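Secondary and tertiary structure notes
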Amino acid sequence: MKIIIPFIVIFLYIQNVAYSQPAFPVEKTKSVITSGSQNTSSLNLTVTALIEALYVAGKTSMSLSPTITVELHDATSKAGIESRIGSLSTAGVGTFSFTSAVNGTPYYIVIKSVNTVETWSANPQSFTAGSLSYDFTTGVSKAYTDGSNPPMALHNGKWCIYSGDLNQDGFVSGDDFTGVDNDNTLFNYHPINDLNGDGFISGDDDTFIDNNNSAFIGKQIPPGVPSNTITYSGQTYNTVLIGTQWWLKENLNVGARINGTQNQSNNGNIEKYCYNDSLINCSRYGGLYQWNEAMQYVTTEKAQGVCPSGWHIPSNSEITTLVTNVGSDGNELKAVGQGGGLGSGTNISGFSALLSGSSASDGSFSDVANYGYFWSSTQYNITLSRLMTLDTFDNNIGQGQSNNANGFSVRCLKN
Ligand SMILES: [Ca+2]
Ligand SMILES: [Ca+2]
Ligand SMILES: [Ca+2]
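Cut-offs applied
- Residues numbered from 1 in each chain as written.
- Chains lettered and ligands numbered in written order.
- Predicted model: local features only at pLDDT ≥ 70, side-chain atom pairs only at ≥ 80, totals over all residues.
- Helix = DSSP H or I, 4+ residues; strand = E, 2+ residues; numbered from the N terminus.
- Rg over C-alpha atoms; globule rule 2.2 N^0.38 Å.
- Buried ≥ 20, exposed ≤ 12 C-beta atoms within 10 Å, placed from the backbone.
- Contact = placed C-beta atoms within 7 Å.
- Pairing = 2+ DSSP bridges.
- Domains from an automatic or database assignment.
- Core = buried A, V, L, I, M, F, W, Y, C linked by C-beta atoms within 7 Å.

A word on the overall build of the protein
In terms of regular secondary structure, the protein is built from seven helices and 23 strands. Computed over its C-alpha atoms, the radius of gyration of the protein comes to 22 Å, within 12% of the 22 Å expected for a compact globule of 415 residues. On the principal axes, the C-alpha backbone points of the protein span a range of 65 × 50 × 40 Å. The buried share of the protein, reckoned over its 415 residues, is 46%. When contacts within the protein are restricted to residue pairs at least 6 apart in sequence, long-range pairs at least 24 apart make up 59% of them.

Next comes the structure, spelled out in structure tokens:
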């Protein structure tokens, strides 16, 4: 079976998706400074921040140049308005370009990464003449504190962002050991678990989780930050800001399950397929929807379709914006644990994509754990519509088209 499976997968994949060249220039550069998405009206934030475990390992600089996310949050509502992914130098300096921020308006600056504690600037900061610099390392007073703990860790004279929140729940606790311990035991390597950046997953990485767990370290945020969850049809969904787009962080799982041998129909009820006709797969991966059902029988781009009120099925060009915002690196979209080798998900964007597979019009299911397919609301022609594809093998992001009768995942985008 192990020899046969890849051939089956490739065959089904070719059958399912008529592939086309991406309609956008392929942009491999992750640094936001050199990104093609930068426009003339963007504002540049130069931030200085050191990540605790990397700085302790490197002693006078970080042991590697980390990828982080910087968010700007409205000073009054505290809501996130834009997030940008980029790198810090080993000295901790990085420049991030924002397209929706304006001069003279104060914003909180928020630093996130896959294995650190979310850290906010002590106060809102404003851009002047297109630029703003903020250095978190020079004093504990540079980060927001709710008084529970110092909001950063002091190492070798510099204030550092706490390491150790690997599951990004806002606390450093026992749950955060899981990935490190698994990699340590199985001799696997996922970058998220290499806290000190020495190329190995070992007990040294546990140390930071251990210490911060004992000290009850967690994120400290100003009062009134809006919840990043919504409830729709009895289920709670998380939301994530990528660039200026708010995405649902999980595949939609709404409607009544029908068998893959039946067609979803324009009957006033939302219907879904669950992989292998098993309800538990809908809980894990979300539902699979034929294009017309996903769109609720309209063909307009950005239609609400089966999405909650105030949300819609993304257009192909909105997906292209997402692709640009992650530097065309599909691994940044995949959840940690999805994909293998060159295709291992890093989830740097927080999009948390799963390789949920597909259904075909003959009632068969295929590709789970190998491919994830996400419908757009853009038609290619009368029978095919555009979609985004992620796979287990590499970091490619496909933007092809496929038959409307196939069942794929749906990710909703906020209007
Ligand atoms: Ca945690
Ligand atoms: Ca390590
Ligand atoms: Ca229906």
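Text resumes after the structure shown.
Thoughts on the pairing of strand β19 (residues 371-379)
Counting buried residues in β19 gives eight out of nine residues, a clear majority hidden from the surface. What sits between the antiparallel neighbours β19 and strand β20 (residues 384-391) is a turn of four residues.

Looking at the domain arrangement of the protein
You can read the domains of the protein as domain 1 (4-26 + 228-414) and domain 2 (32-214). Measuring from the centre of the C-alpha atoms in domain 1 to the corresponding centre in domain 2 gives 30 Å. Each partner contributes to the interface: domain 1 provides 16 residues, whereas domain 2 provides 15 residues. Listing elements by their share of the side of domain 1 that touches domain 2, those giving two or more residues are β12 (235-242) and α7 (316-325).

Quick look at the nonpolar core
Ranked by size, the top nonpolar core spans 50 residues in total, and within it A294, W375, V410 and C412 carry the most contacts. If you list the elements that add at least two residues to this core, you get β12, β13 (245-248), α5 (279-285), α6 (291-294), α7, β19 and β20. In terms of residue count, β19 provides more of this core than any other element does, four residues in total. Residue-level mapping places this core at the junction of two domains, with at least three residues from each of domain 1 (4-26 + 228-414) and domain 2 (32-214). Each residue touching V410, except ones within four places of it in the same chain, is listed here: N251, L252, Y289, A294, V306, I313 and W375. If you look at the next biggest cluster of nonpolar residues, it comprises 42 residues, including L50, V56, A57 and L132.

What about the pairing of strand β11 (residues 229-232)?
Alignment of β11 against β12, held across four bridges, turns out to be antiparallel. Counted as the bridge partner of T231 is T236 from β12. Counted along the chain from β11 to the antiparallel partner β12, the turn is two residues long, and its residue S233 has a positive phi close to 50°.

Observations concerning unusual backbone geometry
Even without being glycine, A129 reaches a positive phi, approximately 50°. On the secondary structure map, A129 appears in the loop between β7 (119-120) and β8 (131-135). Within the chain, N156 stands out as a residue other than glycine whose phi angle is a positive 50°. Positionally, N156 belongs in the loop between β9 (153-155) and β10 (158-160).

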